[in-house]
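Residue strings, one per chain:
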Amino acid sequence: MAMLRGARELCKMMSRLEPSIAAPGAGYHKNVIDHYENPRNVGSLDKDDKNVGTGLVGAPACGDVMKLQIKLDDDGKIIDAKFKTFGCGSAIASSSLATEWVKGKTMDEAMTIKNTEIAKELSLPPVKLHCSMLAEDAIKAALQDYKIKQGNEPPGSKERKASEN
């Protein structure tokens with residue numbers, strides 16, 4: 001939440017500058033602005049809960065960092081999702097949208113969410129496509145973390161561990 005507050009404060013300061021210097025929202029689609037100004041599902045879940053999967057991903061080129069968490073019920077449905085993102089408006093919007101889309105889905109259904117769908121929904125320009133890629137990667141990382149907590153390690157991980165010993 002503090003990360004989002006800091007980003008919002010920066011935008012507020014920029015909005016006081018002359019329009020020729022900074023035009024808030026310029027180039028951002030209304031869907032991005034909506035998710036940025038009214039982010040859904042900001043926060044954290046208990047990372048030690050065995051029913052919570054956590055994905056933490058980043059883009060070194062731009063400095064965006066995204067944490068996305070999912071909570072599943074005993075039937076394998078995603079019942080809650082939270083995110084914290086340090087990044088631009090497109091990264092925050094991609095995270096917010098991703099948490100909305102995964103809720104109510106099974107793991108298999110959530111795995112089918114593609115960055116191209118997120119980018120299309122938010123009308124992201126090509127220069128911001130990496131934000132939707134981060135959201136897809138965060139979903140997959142959270143699902144993988146959940147599988148590991150359940151004892152369903154990824155294929156080949158047991159063999160790798162055995163060869164390391």
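Residues numbered from 1 in each chain as written. Predicted model: local features only at pLDDT ≥ 70, side-chain atom pairs only at ≥ 80, totals over all residues. Heavy atoms only, no water.

What to know about the sheet that holds strand E2 (residues 64–72)
We apply this condition: We call two strands paired when DSSP finds no fewer than two bridges between them. Numbering of helices and strands starts at the N terminus; helices are DSSP runs of H or I of at least 4 residues and strands are runs of E of at least 2. Under this scheme, a helix contributes an axis fitted over its contacting stretch, all axes are lines through C-alpha atoms, and angles between N-to-C directions fall in the 0 to 180 degree range. Residues are treated as being in contact if the distance between any of their heavy atoms lies within 4.5 Å.
Strand order across the open sheet formed by three strands is E1-E2-E3, with antiparallel pairing between neighbours. Whereas interior strands pair on both sides, the edge strands pair on one side only; in this sheet they are strand E1 (52–59) and strand E3 (78–86). Averaged over all pairs of adjacent strands, the angle between strand axes in this sheet comes to 15 degrees, irrespective of strand direction. Examined bridge by bridge, E1 and E2 share eight bridges and lie antiparallel to one another. In the strand pairing of E2, Leu-56 is matched with Lys-67. Lying over the sheet, helix H3 (residues 89–102) contacts E2 and E3, oriented at roughly 175 degrees with respect to E3. In the packing of helix H6 (residues 129–149) onto the sheet, the strands contacted are E1, E2 and E3, and the crossing angle to E1 comes to about 145 degrees.

Here's the deal with H6
The criterion, for reference: Multiply 1.5 Å by the residue count of a helix minus one, and that product is the helix's expected span. Only protein chains enter the calculation, and the probe is 1.4 Å; a residue is then buried if its accessible area is under 20% of its type maximum, exposed if over 50%, and partly exposed in between.
An ideal rise of 1.5 Å per residue puts 30 Å on 21 residues; H6 measures up with 31 Å between its terminal C-alpha atoms. Within H6, the full set of buried residues consists of Cys-131, Ser-132, Leu-134, Ala-135, Glu-136, Ala-138, Ile-139, Ala-142, Leu-143 and Tyr-146. The first or second residue beyond H6 is Gly-151, which carries a positive phi of 90 degrees.

Re the pattern of salt bridges
What counts is decided by this rule: One speaks of a salt bridge when a side-chain nitrogen belonging to Lys or Arg is within 4 Å of a carboxyl oxygen belonging to Asp or Glu.
Evaluation of the coordinates by the stated rule reveals six salt bridges. Note that Arg-40 and Asp-34 form a salt bridge whose closest N and O atoms lie 2.7 Å from each other. Residue Arg-40 is classed as partly exposed on the basis of its relative accessible area, which comes to 23%. Where salt bridges share partners, they join Asp-34, Arg-40 and Glu-100 into one cluster.

Remarks on the packing of helix H5 (residues 115–122) against H6
Note the following rule: Put simply, angles under 35 degrees are roughly parallel, angles over 145 are roughly antiparallel, angles from 65 to 115 are roughly perpendicular, and the rest are oblique. By the definition used in this description, the sense in which the near helix is turned from the far one sets the handedness, with an anticlockwise turn below a right angle giving left-handed and a clockwise turn giving right-handed. Each residue gets one of three labels, nonpolar for Ala, Val, Leu, Ile, Met, Phe, Trp, Tyr, Cys and Pro, charged for Asp, Glu, Lys and Arg, and polar for the others, Gly among them.
Taken N-terminus to C-terminus, the directions of H5 and H6 make an angle of 130 degrees; their axes are 8 Å apart at the nearest point. It follows that H5 is oblique to H6 by the angle criterion. When the axes of H5 and H6 are compared, the crossing they make is right-handed. Contacts between H5 and H6 involve Asn-115, Ile-118 and Ala-119 on the former and, on the latter, Leu-129, Ser-132, Met-133, Ala-135 and Glu-136. When the residues that make up the contact of H5 with H6 are grouped by side-chain class, the tally is five nonpolar, two polar and one charged.

Let's talk about the side chain of Ser-96
Relative to the elements of secondary structure, Ser-96 occurs in helix H3. If we ignore the near neighbours within four places in the chain, the residues touching Ser-96 are His-35, Pro-39, Arg-40, Asn-41 and Phe-83.

Brief notes about the environment of Ala-119
Along the chain, the position of Ala-119 falls in helix H5. Each C-alpha atom, one on Ala-119 and one on Val-32, is 9.9 Å from the other, the two residues being 87 residues apart in sequence. Residues within four places of Ala-119 in sequence aside, it is in contact with Leu-124, Leu-129 and Ser-132.

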